[in-house]
Amino acid sequence: MITKKVIDELYHKYNRRPDSIDALDIPLLFDHASEEHDLSIDGNGNIVIGCLDSRSPFHEIALSHVHGISRLDDTLAIVLHSSILFLNKKDAGVNVHIRTEQPSIWERLRWKFCKA
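Draft legend 1. Looking closely at the pairing of strand S2 (residues 46-49). Across the two faces of S2 the burial is the same, with Asn 46 and Val 48 and Ile 47 and Ile 49 all buried. If you look at the hairpin formed by strand S1 (residues 39-41) and S2, you'll find four residues sitting between the two strands, and Gly 45 has a positive phi there, around 80 degrees. By the bridge criterion, three bridges tie S2 to strand S3 (residues 60-62) in an arrangement that is antiparallel. Note that in S3 the partner of Ile 47 across the bridge is Ile 61.

Draft legend 2. Fine view of the packing of aromatic side chains. Here the structure, examined in full by the defined rule, presents zero aromatic pairs. For the cation-ring pair, Arg 99 lies above Tyr 11, with the distance from its terminal atom to the ring centre recorded as 4.1 Å.

Draft legend 3. Broad picture of the pairing of strand S7 (residues 94-98). Across five bridges, the pairing between strand S6 (residues 83-88) and S7 is antiparallel. Bridge pairing links Ile 84 to His 97 in S7. What sits between the antiparallel neighbours S6 and S7 is a turn of five residues.

Draft legend 4. Quick look at the environment of Asp 25. Counting through the fold element by element, Asp 25 comes out in the loop between helix H1 (4-13) and helix H2 (26-32). Classification of Asp 25 by relative accessible area gives partly exposed; the value is 39%. For the pair Asp 25 and His 37, spaced twelve residues apart in sequence, the C-alpha to C-alpha distance is 17 Å.

How each quantity is defined
- Each residue is numbered by its place in its chain's sequence as written, counting from 1.
- Residue-level local features of this predicted model are given only where pLDDT is at least 70; pairs of side-chain atoms are given and counted only at 80 or more, and the full residue set underlies all totals for whole chains, interfaces and linings.
- Note: side-chain values were computed over all heavy atoms of the structure, leaving out hydrogens and water.
- Burial here depends on accessible area, computed with a 1.4 Å probe over protein chains only, as a share of the maximum for the residue type. Under 20% is buried, over 50% is exposed, and the range in between is partly exposed.
- What counts as a helix is a DSSP run of H or I of at least four residues, what counts as a strand is a run of E of at least two, and both are numbered from the N terminus.
- At least two bridges found by DSSP between two strands are what make those strands a pair.
- Within 6.5 Å between ring centres, the rings of Phe, Tyr and Trp (the latter by its six-membered ring) count as paired, and their orientation is classed by plane angle as stacked under 30 degrees, edge-to-face over 60, tilted in between.
- Criterion for a charge above a ring: Arg CZ or Lys NZ at most 6 Å from the ring centre, at most 35 degrees from the ring normal.

Listed below in structure tokens is the structure:
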């Protein structure tokens, strides 16, 4: 099950991109989700998720932007800097978590004084 704790742990574990795309566990994607999601890697080094609309920003993901790939109970997670794609292992379901940055204390103070 995908919980806030699991999401936070994934962002923490994969807080930086690996030194090389060879360090990514790409075979994990093809072992567990390639048929359901029509996964492929194009000649430009992008993961193409064929089950998503071609207009989706997650249809093609540059491997150089992927921070990590992790296997969970029923899903595979592709962790990026500010988002995580959860690919269901049993069907073509895709869920996306987009991380929102909290405003800093200075931004909140500025907003408070600008409203006055």
